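Structural characterization, general
Chain by chain, the residues run as shown.
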Amino acid sequence: MRSYRRHRLLIPVLLCTLAVLAARPTAAHKEPGSGTGSGADPGLSAEVVRLYEEAAVATQQYEAGRKEAEEQRAEAQRAEALLDAQRRHIAALHEDLGRIARAQYRSSGGLPVAAHMILADSPDGLMRGQHAFSQADLAVNNAISKNRRAEARLAADEARAADRWQALEKRNAQLAGLKADIEQKLETARSQLQGQADAAVSAGACRGAVRLDQAETGFTEGEWVAPVETYELSASYGSGGERWSNRHTGQDFAVPIGTPVRAVGAGRVVKVSCGGAFGMEIVLKHAGGYYTQYAHLASLAVDQGEHVSPGQWIGQSGTTGNSTGPHLHFETRVTPESGSAVDPVSWLAARGVSL
């Protein structure tokens, strides 16, 4: 009977213990070199992403300003052509004034028109002289008035053209300065981010996941996407070179340090590792038994065992490990480990993603 009560008391204790254990986070299985430390700087990683976004906006503004500048330049060139026409017109008016003056002098025998009117010997001669004087005076006044109006228009147009050029140069200088300032800050943040990554890889311990806000993207939503949004393809699958003991096993994407790297499809993080030839790397497992690898990273945005969705930011590109410059090394495999790679370009193309 005593023994039965002991068992009845033991059951609630065991249930409580199991509940506590179940409530504790389960640590994912970690391979050598995949330990996470507390030295992660989430602010720096997020700052790099923010600066990338600001740089993109500044670039758009700069390009819009440059396009507007080209339009203003064309308008200024048209205005300059009109100014040249006005200058030629004014020169012609000056010539007309000179011609009128010379004609008056010749027709008057060297005497002013008023003197001829005084010396007229008949009323008809006086009337003719007065008419000639009025016509000459009107022609001279009209020519002078035209000349003055044209000169005033020319001066105003020249002032407007100068103002447009000055405003254009000032705006371009402001846009260029804004872009240069953001790029300088971005370069500093990239350098700091890469320095942290290099330290983690040297220690063989990843700094832990730094969560990145999933900002809007230009990607077309779908089940599969490219691993980076803007890139240039560099070393391709199967290419040779002194950097690899055998053929290149993946596709390289030339991108700056800190570029957000995305999961190409839904899957689970099966490996997060630091150290070795690939530096900081992530391996995802996808449906159908395929795996994708993302290597030479500068930061991680996911933990081992985590499930990811297509296009989710999983890290930031860098140049850790055996890397000659900033890029993302991307592989598709039939196992989680090296040596089972397939052509990633063809693999993505079969899933509707053209690189």
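Preceding this section is the structure that the text describes.
Residues numbered from 1 in each chain as written. Predicted model: local features only at pLDDT ≥ 70, side-chain atom pairs only at ≥ 80, totals over all residues. Heavy atoms only, no water.

Regarding the overall build of the chain
Counting its regular elements, the chain contains five helices and ten strands. Within the chain, the proportion of its 355 residues that are buried is 34%. Across the chain, contacts joining residues at least 24 apart in sequence account for 70% of those joining residues at least 6 apart. (Helix = DSSP H or I, 4+ residues; strand = E, 2+ residues; numbered from the N terminus. Buried < 20%, exposed > 50% of the residue type's maximum accessible area, 1.4 Å probe, protein only. Contact = heavy atoms within 4.5 Å.)

Quick notes on the nonpolar core
Formed by 40 residues in total, the largest nonpolar core has its most connected members in M280, I282, L284, Y294, I314 and L328. Secondary-structure elements contributing two or more residues to this core are α2 (42–107), α4 (123–203), β4 (267–273), β5 (280–285), β6 (291–300), β9 (328–333) and α5 (344–349). Here this core gets seven residues from one element, more than from any other, and that element is α4. Residues within four places of I314 in sequence aside, it is in contact with V261, R262, A263, I282, L284, Y294, L300, A301, V302 and V308. (Core = buried A, V, L, I, M, F, W, Y, C linked by side-chain atoms within 4.5 Å.)

Re the pattern of salt bridges
Close approach of charged atoms allows side chains with opposite charge to pair. If you walk through the whole model with that rule in mind, you get ten salt bridges. Between R190 and E187 there is a salt bridge whose closest N-O contact spans 3.1 Å. With R190 and E187 both in helix α4, this residue pair falls three residues apart, about one helical turn. A relative accessible area of 45% places E187 in the partly exposed class. One continuous salt-bridge network, built from bridges that share partners, spans E47, R50 and E54. (Salt bridge = Lys/Arg side-chain N within 4 Å of Asp/Glu carboxyl O.)

Some words on unusual backbone geometry
At H296, a residue that is not glycine, the phi angle is positive and equals roughly 65°. Of note, H296 is situated in strand β6.

Overview of the packing of aromatic side chains
Under the defined criterion, the tally for this structure stands at five aromatic pairs. Between Y231 and F253, the aromatic rings sit 5.0 Å apart at their centres with planes inclined by 80°, giving edge-to-face as the arrangement. A residue pair is termed long-range when its members are at least 10 positions apart, and Y231 in the loop between α4 and β1 (232–233) and F253 in strand β2 (residues 251–254) qualify at 22 residues. Accessibility expressed as a relative area gives 25% for Y231, which makes it partly exposed. Each ring, one from Y294 and one from F330, has its centre 5.4 Å from the other, and the planes form 55°; the classification is tilted. Taken together, the residues Y294 in strand β6 and F330 in strand β9 connect sequence positions 36 residues apart. Both residues of the pair, Y294 and F330, belong to the buried class. Here the aromatic cluster, defined as three or more aromatic residues joined through ring pairs, consists of Y231, F253, Y294 and F330. (Phe/Tyr/Trp six-rings, centres within 6.5 Å; stacked < 30°, edge-to-face > 60°.)

Description of the pairing of β9
Within β9, six of the six residues are buried, which leaves it mostly tucked inside the rest of the structure. The two faces of β9 match: L328, F330 and T332 on one face and H329, E331 and R333 on the other face are all buried. Pairing between β2 and β9: three bridges, direction antiparallel. When the sheet's bridge partners are listed, D252 is paired in β9 with H329. (Pairing = 2+ DSSP bridges.)

Topic: the state of the cysteines
Taken as a whole, this structure holds one disulfide when the rule is applied. One disulfide in the model links C206 with C274; its S-S distance is 2.1 Å. On the S-S bond that ties C206 to C274, the torsion sits near 120°, and the link is right-handed. Here C206, found in the loop between α4 and β1, pairs with C274, found in the loop between β4 and β5; they are 68 residues apart in sequence, far enough to count as distant. (Disulfide = S-S within 2.5 Å.)

Quick look at the environment of R66
Secondary-structure assignment places R66 in helix α2. The class for R66 is partly exposed, based on a relative accessible area of 41%. For the pair formed by R66 and R171, sequence separation is 105 residues and the distance between their alpha carbons is 9.6 Å.

Some words on the side chain of D252
Relative to the elements of secondary structure, D252 occurs in strand β2. A residue is classified by how much of its surface remains accessible, and D252, at 3% relative accessible area, is buried. Separated by 3.3 Å, the side chains of D252 and H248 make a polar contact. If sequence neighbours within four positions are ignored, D252 has contacts with E232, L233, S234, A235, H327, L328 and H329. (Polar contact = N/O pair within 3.5 Å; in protein donor to acceptor, adjacent residues only side chain to side chain.)

Quick word on the environment of A197
The topology assignment puts A197 in helix α4. For the pair A197 and A298, spaced 101 residues apart in sequence, the C-alpha to C-alpha distance is 5.1 Å. Apart from residues no more than four positions distant in its own chain, A197 is found in contact with R207, M280, L297, A298 and T320.

A short note on the pairing of β2
As paired strands, β1 and β2 are joined by two bridges and run antiparallel to one another. Along β2, the bridge assignment pairs E232 with A254.

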